[in-house]
Amino acid sequence: GKWQKYRKSHTRRSNNGQIVKVAGGRQHAVQSLVIECSSHGNESRHIDDPAWIYTDQGANIQDPTLEACLILDLVRKIPTVGYRAAKDVESGQELMMDWGCWTEISTILLPQQAMVSTALQREYESLKDIADEESISLPNINSLDAEEEEEEMYSLKGVYHEIKGVDQGTYGESYVQLNKIRENLAIKQQTRKRWHKACAQFDSKDPTTNIAVRSRDLSPEVTNLLDSLPEECDTIDESVRALVNNEIDMSERLTVVEITDIQNPARLFCRPDEKPYGVVAKKQFEKGEPVACYGGRLIEYSPNDSADGAYFFDVHLPDDYVGPELGIDGKGSIGGRINDSWGPPQLKRRDPNVIAVTHWDASKRTPQIVFLATKRIKVGDEILYHYGESYWKIMWKNLIVSHADFASSTLKLCEALRKDICALPNWNKEKLDAHVMKFCRKRKRSAYQQQRQS
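Given the structure is predicted, the values throughout are model-derived calculations rather than measurements. (Residues numbered from 1 in each chain as written. Predicted model: local features only at pLDDT ≥ 70, side-chain atom pairs only at ≥ 80, totals over all residues. Heavy atoms only, no water.)

Student: Run through the environment of Leu95, naming residues and quoting values.
Tutor: Here Leu95 shows up in the loop between strand E5 (78-85) and helix H2 (102-133). Along the chain, Leu95 and Ala85 lie ten residues apart, while their C-alpha atoms are 8.8 Å from each other. Among all residues touching Leu95, those that are not within four sequence positions of it are Ile47, Asp48, Thr65, Leu66 and Val89. (Helix = DSSP H or I, 4+ residues; strand = E, 2+ residues; numbered from the N terminus. Contact = heavy atoms within 4.5 Å.)

Student: Explain the packing of H2 against helix H9 (residues 389-422) residue by residue, including any values.
Tutor: Taken N-terminus to C-terminus, the directions of H2 and H9 make an angle of 25°; their axes are 8 Å apart at the nearest point. The orientation of H2 relative to H9 falls into the category roughly parallel. Once H2 is placed against H9, the crossing between them reads as left-handed. (Axes fitted to C-alpha atoms, helices over the stretch in contact; angles between N-to-C directions. Parallel < 35°, antiparallel > 145°, perpendicular 65-115°, else oblique. Left-handed = near helix turned anticlockwise from the far one by under 90°.)

Student: If you had to explain H9 to someone new, which residues and values would you point to?
Tutor: Here H9 contains 34 residues, and its C-alpha end-to-end distance of 49 Å stays within 8% of the 50 Å for a straight helix at 1.5 Å per residue. Taken as a whole, H9 carries its principal kink of about 30° at Met395. (Expected span 1.5 Å × (residues − 1). Bend = angle between axes of the 7 residues up to and from the residue.)

Student: Now, about the sheet that holds strand E14 (residues 354-361): what can you tell me, with residues and values included?
Tutor: Read from one edge of the open sheet, three strands run E9-E15-E14, paired in antiparallel fashion. A strand with exactly one partner marks an edge of an open sheet, and here the two such strands are strand E9 (290-293) and E14. Between one strand and the next, the sheet's axes are offset by a mean angle of 35°, whatever the strand orientation. Both E9 and strand E15 (residues 366-373) contribute to a ladder of three bridges, which runs antiparallel. If you follow Pro290 over to E15, its bridge partner there is Leu372. (Pairing = 2+ DSSP bridges.)

Student: For the environment of Leu268, give the residues involved together with the corresponding values.
Tutor: Counting through the fold element by element, Leu268 comes out in helix H8 (residues 265-268). For Leu268, a relative accessible area of 35% corresponds to the partly exposed category. Separated by 153 residues in sequence, Leu268 and Met115 have C-alpha atoms that sit 8.9 Å apart. Leave out the neighbours within four places in its chain, and Leu268 touches Ala114, Ile262 and Leu347. (Buried < 20%, exposed > 50% of the residue type's maximum accessible area, 1.4 Å probe, protein only.)

Student: Go over unusual backbone geometry with me, naming the residues and quoting the values.
Tutor: Even without a glycine there, the phi angle at Ser135 is positive, about 60°. You can see Ser135 is positioned in the loop between H2 and helix H3 (141-163). In this structure Ser135 comes out as exposed when scored by relative accessible area, which is 66%. In this structure, Arg365 takes a positive phi of about 55° despite not being glycine.

Student: Describe the pattern of salt bridges, naming the residues involved and giving the relevant values.
Tutor: Applying the stated criterion to the full structure yields 18 salt bridges. With a closest N to O distance of 3.9 Å, Arg271 and Glu274 form a salt bridge. The exposure class assigned to Arg271 is buried, which follows from its relative accessible area of 3%. Taken together, the shared-partner salt bridges connect Glu123, Arg418, Lys429 and Asp433 into one network. (Salt bridge = Lys/Arg side-chain N within 4 Å of Asp/Glu carboxyl O.)

Student: Go over the sheet that holds strand E6 (residues 212-214) with me, naming the residues and quoting the values.
Tutor: Picture the strands of a sheet paired through backbone hydrogen bonds; they go either parallel or antiparallel. Here four strands make up an open sheet; going across it, the order is E6-E10-E12-E11 and the pairing mixed. Sheet topology places E6 and strand E11 (312-314) at the edges, where each strand pairs with a single neighbour. Taking the axes of each pair of neighbouring strands and ignoring which way they run, one obtains an average angle of 40° across the sheet. Across three bridges, the pairing between E6 and strand E10 (residues 296-300) is parallel. Across the sheet, residue Arg214 finds its bridge partner in E10, namely Leu298.

Student: Quick one: what's the story with the pairing of E5, residue by residue and with numbers?
Tutor: The pairing of strand E4 (residues 66-73) with E5 spans eight bridges and is antiparallel. Residue pairing in the sheet places Leu72 in a bridge with Pro79 of E5. The hairpin formed by E4 and E5 contains four residues between the paired strands, and Lys77 there has a positive phi angle of roughly 65°.

Student: Mind laying out the nonpolar core, listing which residues take part and the relevant values?
Tutor: Ranked by internal contacts, the top residues of the largest apolar core, which has 57 residues, are Leu226, Leu254, Val291, Leu326, Ile377 and Ile383. Among residues more than four places away in sequence, those in contact with Ile377 are Ala281, Lys283, Gln284, Phe285, Val291, Asn353, Val354 and Ile383. The next biggest cluster of nonpolar side chains, apart from the first, holds 13 residues, and it includes Ile130, Leu417, Ile421 and Val436. (Core = buried A, V, L, I, M, F, W, Y, C linked by side-chain atoms within 4.5 Å.)

Student: Just give me the short version of the side chain of Ser117, but keep the residues and values in it.
Tutor: Mapped onto the secondary structure, Ser117 falls in helix H2. Accessibility expressed as a relative area gives 0% for Ser117, which makes it buried. Once residues within four sequence positions are removed from consideration, Ser117 is found in contact with Pro272, His403, Phe406 and Ala407.

Student: Describe H2, and please don't skip the residues or the numbers.
Tutor: The end-to-end C-alpha distance of H2 is 46 Å, a good match for the 46 Å that 32 residues give at a rise of 1.5 Å each. Phi for Ser135, located one or two positions after H2, is positive at around 60°.

Student: With reference to specific residues and values, describe the packing of aromatic side chains.
Tutor: All told, the structure shown has eleven aromatic pairs when counted by the stated rule. Ring geometry for Tyr294 and Phe371: centres 6.4 Å apart, planes at 65°, overall edge-to-face. Placement of Tyr294 in the loop between E9 and E10 and of Phe371 in strand E15 is noted, with a sequence separation of 77 residues between them. Arranged with centres 5.0 Å apart and planes meeting at 40°, the rings of Trp392 and Trp396 form a pair that is tilted. With Trp392 and Trp396 both in helix H9 and four residues apart, this pair spans about one turn of that helix. The residue whose ring lies beneath Lys283 is Phe285, and the NZ or CZ to ring-centre distance is 4.3 Å. Stacked on the ring of Trp427, the Lys or Arg Lys431 has its end atom at 4.6 Å from the ring centre. (Phe/Tyr/Trp six-rings, centres within 6.5 Å; stacked < 30°, edge-to-face > 60°. Lys NZ or Arg CZ within 6 Å of the ring centre and 35° of its normal.)

Put into structure tokens, the structure is as follows:
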């Protein structure tokens, strides 16, 4: 690529992953430089980050196969970047490197993808209004996907018949490609369903809503290890005893609300077809006071675990425990609805007001995660917690993929509705575009007015 001086604008341009920053050492009086390889460069600019390769939630991220090193080229009088193998790499194995910049890139990609989802949702609502007035039946996304898959499979038949009966060694790559496409078609519907989550119901009398309980699926090995931990491992003190024993009415302390503030990151980056929730204080909490527990089922961690990774909280057990990793599946609990304090730089900064402390409850033989207030929390304040970098390394990608999936599905619906509406005698493309634009402006103006009133 071409060497350029490092400018602040490169932080915005890095969303395409084509900028490599190289900082000069202290002993060198040179400015920071970057390699700009979006228009120049070799195959190294196509090396992927293992954290960005899509995997199911809860699956382990693959280790990078490459590592970058800074090389001073004395012949050309410039520094350059080289790659070397971080471990043994087999022939045909993909080369991957930890770019270490996906947090910054995701803070740019996610707002952009969320804006696309919101715009398409407004367009679909405007087209839906016309369809209702004109008595046009609404298209079904499943039927549209089925038609698309049928067309794709029909095109594959030609490929299959071409290579059928021919030496597989000659067309080995075609067979592999055909099988990969078939697998992608098979999991497409399952991937979409993963992001359509039902609204959780909260019952203050249900123990799994307030505290952690053992899952019936725990293996006998884990059960025996937990039961064999000595009584001295108990770390429950009097300040959290009543909370852990589920003797406190949580409905008088916290409430789960739907977030309607469009300046709240949870609302801003939520899919248009989902409702964001948050936890709000109903009483004042002083610094150091226990606020809530992370309730849910204690389960064994596995890369193939079906638990929703967005609500999986790792548990650090006493040193005497030597066994499989455990965590709490908090989906449906009050603690699981506590949002992260992160927000984009354009919005007002929000600081976390609770920290998580893991206790071992010897009476129940179960770990408990307790949220403690880090400062005074007033009535009506949202409870916020910092999830950590490891959580967002996975979830940034999943949120962007979720919005992209929604945008793709909504775009198909809009195209089908546009085709049906334009087929009517009293509608054409220009009239329809004007109607959609007017509807979207009105909806956007209404959202800001509602925000000012609230």
